[in-house]
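Here is how the chains run, residue by residue.
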Amino acid sequence: MEETKGSIAKLILIGGSAGSLDALLKILPAVHPAFRQSIVIVLHRKFSNDNILTGLLSVRTKLKVCEIEEKDIIRPGYVYIAPGDYHLLFEKDHSFSLDDSEKVNYSRPSIDVAFQSAADAFGDSLICILLSGANADGTEGCKYVKEKGGVTVAQLPRSAEVAYMPSQAIASKVVDYVLDIDGIIDFINKL
Amino acid sequence: MEQLLDDVLEMYGYDFSDYTKASMHRRISRLMVLDRFPSFAEFRYKLRTNEDYLKRFVEEVTVNVTEMFRDPAFYATLREQILPAIASKPFIRIWHAGCSTGEEVYSTAILLKEANLLHKSLIYATDINPEVIKKAKDGILPLGYMKDYSENYIASGGKEDFSKYYTAKYDRVKINESLLERVIYSTHNLVSDSSFNEFQLIMCRNVLIYFNKDLQNKVLTLFDGSLENLGYIALGSKETLKFSAISGRYKQVGKDKIWKKQKEA
Ligand SMILES: C[S@@+](CC[C@H](N)C(=O)[O-])C[C@H]1O[C@@H](n2cnc3c(N)ncnc32)[C@H](O)[C@@H]1O
């Protein structure tokens, strides 16, 4: 069962909470079908049935969308959805780990936890994007991502359905780029 | 971190070296913050020199989060398909490996009771962490959790009045003794302890996510050796037996994370 170390160059990790689904439904279809990096999405959500979200997103993009199972290897050109009720962690061999420990920022998955763990595994190959939300989750994560040499992006607060989450990160001076939806699309497609 | 885990193995015999790195790293960082260690060196020193602190280490690096009727759909399958399939056995033995504080065990006991099988069943409830085993034995839970648990119970197809399974006192509830009479509790380390019986059903949910693939294979092989022909292994909702060393002899039951051992070819 030996799998070789993943071969991805860059990881794009997107965190979102209230109001972020709308943003994602605009961003994903606009990502170029030949996109060769990997996208991982960590959302706070009420409904626990993960298939709904995966279904919603997969019909809107040519990229392969899949729900993460523990130990999956991260592959280029895929969009991965973090399952509900587990924290998402990243291993140095570019595989996923899941962890059902205590909620962080009232959330599981927590965006901070995912950002921090990805920063440890990917360092300066990591790009984190923080979308709409009503929670302060993500700010600590962005801070850590920057310490490890990664890049952070926040959705332009006035373009977000709920501005609080990106605003928090921006106010804490842990964000490299503040972009609206079109800006984020452009940014991803140029990677 | 590797050095620290080596210490723990050498000095105390607990082997955490095949736990997933990312999770272990998180748990250790969290414990260092909780207990206010100024440096990793001091943390390591404390662990090396203070056996009592090892106890705390084991309690805190393992994740003990659990619920009654967690993943109601899983329990519905257990109720509707698995228990009926093993009901004809004269004697039913079930192993909950990594049972944490017992919520899962109480749930299974309720299902067995409702299927009128509890009297001829034995549930072995084991965990590496002695502290959670103690709690599981006590059968005492915060009253505040009962609303969620009762909803889970109903979602899993439960038809009874959930509150008849416990008695409430102030802000706590005690699970009925009669449900727990058929449970045997013990510490058991899946990394180093061996098989101790043959079972018709082994449940090990949300434990393998903390193990690397080698250790997962080792533990699944241990389960395979502890399972009767045509017995069942149940895993957590994001875990799989699929790519494991024992997958050849197992067939998944529907869409749930339950596998049935096939007869020897
Ligand atoms: C997240 S809990 C899962 C509880 C329950 N099975 C559930 O799914 O709700 C994981 C449990 O596995 C236990 N565990 C971790 N390593 C173990 C080992 N080597 N042997 C036995 N149990 C272990 C932990 O102590 C913890 O109680």
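Residues numbered from 1 in each chain as written. Chains lettered and ligands numbered in written order. Predicted model: local features only at pLDDT ≥ 70, side-chain atom pairs only at ≥ 80, totals over all residues. Heavy atoms only, no water.

### Here's the deal with the interface of chain B and chain A
Alright, step 1. Between chain B and chain A, the contact holds 25 residues from the first and 25 residues from the second.
Alright, step 2. Taken as a group, Arg-26, Lys-213 and Lys-238 of chain B account for 34% of the area that chain B buries against chain A, more than any other trio of residues on that side.
Alright, step 3. For Arg-30 of chain B, the salt bridge identified is with Glu-102 of chain A, shortest N-O distance 3.9 Å.
Alright, step 4. Put simply, chain B and chain A have 13 residue pairs in polar contact (both at pLDDT 80 or more) between them.
Alright, step 5. When residues of the side of chain B that touches chain A are traced back to their parent elements, those giving at least two are α2 (21-34) and α10 (213-225) of chain B.
Alright, step 6. Here the element with the most residues in the side of chain B that touches chain A is α2 of chain B; it accounts for 7 residues.
Alright, step 7. Residues belonging to the side of chain B that touches chain A are distributed by class as follows: 8 nonpolar, 8 polar and 9 charged. (Contact = heavy atoms within 4.5 Å. Buried area = accessible area lost by both parts, 1.4 Å probe. Salt bridge = Lys/Arg side-chain N within 4 Å of Asp/Glu carboxyl O. Polar contact = N/O pair within 3.5 Å; in protein donor to acceptor, adjacent residues only side chain to side chain. Helix = DSSP H or I, 4+ residues; strand = E, 2+ residues; numbered from the N terminus. Nonpolar A, V, L, I, M, F, W, Y, C, P; charged D, E, K, R; others polar.)

### Structural notes on the pairing of strand β7 (residues 199-204) of chain B
All names here are of chain B.
Alright, step 1. Within β7, 6 of the 6 residues are buried, which leaves the element mostly enclosed by the surrounding structure.
Alright, step 2. Across 3 bridges, the pairing between strand β1 (residues 92-97) and β7 is parallel. Looking across to β7, one finds that His-96 is bridged to Met-203.
Alright, step 3. Direction of pairing for β7 relative to strand β8 (residues 227-235): parallel, over a ladder of 5 bridges. (Buried < 20%, exposed > 50% of the residue type's maximum accessible area, 1.4 Å probe, protein only. Pairing = 2+ DSSP bridges.)

### Structural notes on the pattern of salt bridges
Alright, step 1. Inspection of every chain in the model, using the stated rule, returns 28 salt bridges over all chains.
Alright, step 2. The partner of Lys-55 of chain B in a salt bridge is Glu-131 of chain B, with the nearest N and O atoms 3.8 Å apart. Of this pair, Lys-55 of chain B sits in helix α4 (residues 51-61) while Glu-131 of chain B sits in helix α7 (residues 130-138), placing them 76 residues apart in sequence.
Alright, step 3. The exposure class of Lys-55 of chain B is partly exposed, given its relative accessible area of 47%.
Alright, step 4. Of the charged contacts, one joins Lys-147 of chain B and Glu-151 of chain B as a salt bridge, the two residues approaching to 3.2 Å between their closest N and O atoms. Here Glu-151 of chain B and Lys-147 of chain B lie together in helix α8 (residues 146-155), a separation of 4 residues that amounts to about one turn.
Alright, step 5. According to the relative accessible area criterion, Lys-147 of chain B is exposed, its value standing at 58%.
Alright, step 6. By relative accessible area, Glu-151 of chain B is classed as partly exposed at 43%.
Alright, step 7. Counted as one network, the salt bridges with shared partners bring together Glu-102 of chain A together with Arg-27, Arg-30, Asp-35, Arg-56 and Glu-60 of chain B.

### Quick look at the packing of aromatic side chains
All names here are of chain B.
Alright, step 1. This model, assessed by the stated rule, comprises 29 aromatic pairs over all chains.
Alright, step 2. With a centroid separation of 5.3 Å and an interplanar angle of 90 degrees, the aromatic rings of Trp-95 and Phe-223 are classed as edge-to-face. Of this pair, Trp-95 sits in strand β1 while Phe-223 sits in helix α10, and the two are 128 residues apart along the sequence. Comparing Trp-95 with Phe-223, the two get one shared label, buried.
Alright, step 3. On the basis of an interplanar angle of 55 degrees and a centroid distance of 5.7 Å, the ring pair of Tyr-124 and Phe-196 is categorised as tilted. With Tyr-124 in strand β2 (residues 121-127) and Phe-196 in the loop between β6 (183-187) and β7, the pair connects residues that are 72 residues apart, well separated along the chain.
Alright, step 4. We classify Phe-196 as partly exposed; its relative accessible area is 33%.
Alright, step 5. Following the ring pairs from residue to residue traces out a cluster consisting of Tyr-14, Phe-16, Tyr-19, Phe-37, Phe-40, Phe-43, Tyr-53, Phe-57 and Phe-211.
Alright, step 6. Across the ring face of Phe-74, the terminal group of Arg-205 is positioned such that the distance to the ring centre comes to 3.8 Å. (Phe/Tyr/Trp six-rings, centres within 6.5 Å; stacked < 30°, edge-to-face > 60°. Lys NZ or Arg CZ within 6 Å of the ring centre and 35° of its normal.)

### Re the state of the cysteines
Alright, step 1. Tallied over the full model, the rule gives 0 disulfides over all chains.
Alright, step 2. Among the cysteines around Cys-142 of chain A, which has no disulfide bond, Cys-128 of chain A carries the closest sulfur, lying 6.2 Å off.
Alright, step 3. Among the residues examined, Cys-142 of chain A registers a relative accessible area of 0% and is labelled buried.
Alright, step 4. With no disulfide of its own, Cys-99 of chain B has Cys-204 of chain B as its nearest cysteine by sulfur position, at a separation of 10 Å.
Alright, step 5. Cys-99 of chain B gets classed as buried once you look at its relative accessible area, which sits at 1%. (Disulfide = S-S within 2.5 Å.)

### As for the environment of Leu-191 of chain A
Residues and elements named next belong to chain A.
Alright, step 1. Looking at the element boundaries, Leu-191 is found in the segment after α6 (181-189).
Alright, step 2. Leu-191 gets classed as partly exposed once you look at its relative accessible area, which sits at 32%.
Alright, step 3. Once the C-alpha coordinates of Leu-191 and Val-31 are considered, the two residues, 160 residues apart in sequence, prove to be 11 Å apart.

### Some details on the domain arrangement of chain B
Residues and elements named next belong to chain B.
Alright, step 1. Under the domain assignment, chain B is made up of domain 1 (2-61) and domain 2 (72-261).
Alright, step 2. Computed over C-alpha atoms, the centres of domain 1 and domain 2 are 29 Å apart.
Alright, step 3. Summed over both partners, the interface of domain 1 with domain 2 buries about 960 Å², with 56% contributed by carbon and sulfur atoms.
Alright, step 4. One can count 1 salt bridge joining domain 1 with domain 2.
Alright, step 5. There are 2 residue pairs in polar contact (both at pLDDT 80 or more) connecting domain 1 and domain 2.
Alright, step 6. The residue inventory of the side of domain 1 that touches domain 2, partitioned by class, reads 4 nonpolar, 2 polar and 4 charged. (Domains from an automatic or database assignment.)

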